Amino acid sequence: MSSIFTISILQSALELGFIYSLVVLALFISFTILNIADLSTDGCFTLGCAVAATVTLSGHPLLALLCAVGAGVLSGFITAFLQTRMGVESILAGIIVNTGLYTINIAVMGFSSNVNLFKCDTVFTVVRDFIEKHMSQSMFTFLVTDGWYRLIEVAVIVIIIGVILSIFLGTRLGLSIRATGDNAAMVKANPKYTITVGLCVSSALTALSGGLLAQYQKSCDINLGTGMVTIALASLIIGETLVGKGTMFRRILGVIFGSCLYRFIVAVAIRVNVPAECLKLVSALIVAVAIAFPYLKKNAVFAKQKYSKERIRQRKGGAC
């Protein structure tokens, strides 16, 4: 058991969990708050990855992430435009944008299916170089040699974004976006505007996640975003089920926790030598269990109450 749950597995799972949590936060906005099934997530994630990888190749790792965010905003705007101005259903709009993004993504990558960043500086190497120059040898050993600096960096980025998102959703515009998902007809603000802003923010987070992943693994692949919406949905449901409702900040923390827990489960599956060909099946099972868990939990409570009432009725009948 000790060989399965190691520090390195936990560290890797948390790193990927924090990076992918940005996609889960994006789905939290579109699916939970706006009540829109945005199926452009897969293509938008790859778009952020492709844009960040291409700009990183030119020697600008920090600018690469900003460009990825900008590309995500454009993707979200097009998705929202199809829904609000062209009358296209949300699911179909997502499918249309996702299909079109495949060609755009491969064009951004220079019509190559993958891009290699192994010889390029990234935001992670920038931080590593800063630690090497300005910190003591013992701190360098702990943060760089042991690899903790990557986890701290992505955790800080995600927590800052989580705090900003929590504050934004508490503003007048944020409250209008939250109200749009509940009942668009009752919102004083223009629902078309709030939907557009919500989807732009959502897609920006998705693209930023793709950009961070590209620099984290120093590569980009055209099929990297395949199944991302399903995985993000599973992480979202895991977080909401285990952490529950509450303040907006608590719900955001739950989303991040769900993403990290999902990645930890996948990391353990890999550790116990699950064949690579079966990882998709493992992911599908995790998704199925995560989605079905609230329903099964509700039925279990109902069955327990029914059993308790039946026992009380039998006791009363026996007493008579």
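This text gives an overview of the structure that appears in the document. All residue numbers here refer to positions counted from 1 along the written sequence of the relevant chain. Thresholds applied to this predicted model are a pLDDT of at least 70 for local features of residues and 80 or more for the giving and counting of side-chain atom pairs; totals over whole chains, interfaces and linings are not thresholded and use all residues. With hydrogens and water stripped out, all remaining heavy atoms of the structure feed into the side-chain values.

**Here's the deal with the packing of helix α3 (residues 61-84) against helix α4 (residues 90-108)**
Interaxial angle, 0 to 180 degrees, is taken between N-to-C directions of lines fitted to C-alpha atoms, where a helix line uses only the stretch in contact. What counts as a helix is a DSSP run of H or I of at least four residues, what counts as a strand is a run of E of at least two, and both are numbered from the N terminus. Closest axis-to-axis distance for the α3/α4 pair is 9 Å, and the angle between their directions is 140°. Here α3 lies oblique to α4, going by the angle between them. Considering how the two elements wind past one another, α3 and α4 form a crossing that is right-handed. Here Ser75, Ile78, Thr79, Leu82 and Gln83 of α3 lie close against α4, whose contacting residues are Ser90, Ala93, Gly94, Ile96, Val97 and Leu101. Any angle that falls under 35 degrees is termed roughly parallel, while one over 145 is termed roughly antiparallel, one within 65 to 115 roughly perpendicular, and all others oblique. By convention the crossing between two helices is left-handed if the near helix lies anticlockwise of the far one by an angle smaller than a right angle, and right-handed if it lies clockwise. In this analysis, two residues are considered to be in contact whenever any of their non-hydrogen atoms come within 4.5 Å of each other.

**Some details on unusual backbone geometry**
Its identity is not glycine, yet asparagine 35 carries a phi of approximately 60°, on the positive side. Relative to the helices and strands, asparagine 35 is located in the loop between α1 (7-33) and α2 (41-57). You will see that lysine 218, though not glycine, has its phi angle at about 55°, which is positive. The topology assignment puts lysine 218 in the loop between α9 (191-217) and β2 (219-221). Here the term buried applies to any residue with accessible area under 20% of the maximum for its type, exposed to any over 50%, and partly exposed to those in between, with areas from a 1.4 Å probe on protein chains only. Taking relative accessible area as the criterion, lysine 218 reaches 18% and is therefore assigned buried.

**Focus: the packing of aromatic side chains**
We call Phe, Tyr and Trp rings a pair once their centres come within 6.5 Å, taking the six-membered ring for Trp, and we label the pair stacked below 30 degrees between planes, edge-to-face above 60, and tilted otherwise. Applying the stated criterion to the full structure yields 3 aromatic pairs. Summarising the aromatic geometry, the rings of tyrosine 20 and phenylalanine 45 are spaced 5.9 Å apart at their centres and angled 15° between planes, so their arrangement reads as stacked. Of this pair, tyrosine 20 sits in helix α1 while phenylalanine 45 is found in helix α2, placing the two residues 25 residues apart along the sequence. Residue tyrosine 20 is classed as buried on the basis of its relative accessible area, which comes to 12%. Where phenylalanine 124 meets tyrosine 216, the ring centres are 5.8 Å apart and the plane angle is 70°; that geometry is what we call edge-to-face. With phenylalanine 124 in helix α5 (residues 123-134) and tyrosine 216 in helix α9, the pair connects residues that are 92 residues apart, well separated along the chain. It is arginine 263 that lies over the ring of tyrosine 20; its NZ or CZ is 4.0 Å from the centre. For a ring to carry a charge above it, either NZ of a lysine or CZ of an arginine must fall within 6 Å of the ring centroid while also lying within 35 degrees of the normal to the ring plane.

**What to know about the packing of α2 against α3**
Interhelical geometry of α2 versus α3 gives an angle of 150° and a closest axis separation of 8 Å. Taken together, the axes of α2 and α3 lie roughly antiparallel to each other. α3 is crossed by α2, and the crossing has right-handed handedness. Between α2 and α3, the residues in contact are Cys44, Leu47, Gly48, Val51, Ala52, Val55 and Thr56 and Pro61, Leu63, Ala64, Cys67, Ala68, Ala71, Gly72 and Ser75, respectively. Asp, Glu, Lys and Arg are counted as charged, while Ala, Val, Leu, Ile, Met, Phe, Trp, Tyr, Cys and Pro are counted as nonpolar; the rest, among them Gly, fall into the polar class. When the residues that make up the contact of α2 with α3 are grouped by side-chain class, the tally is 11 nonpolar, 4 polar and no charged.

In short, shape yes, function no, at least from these values alone.
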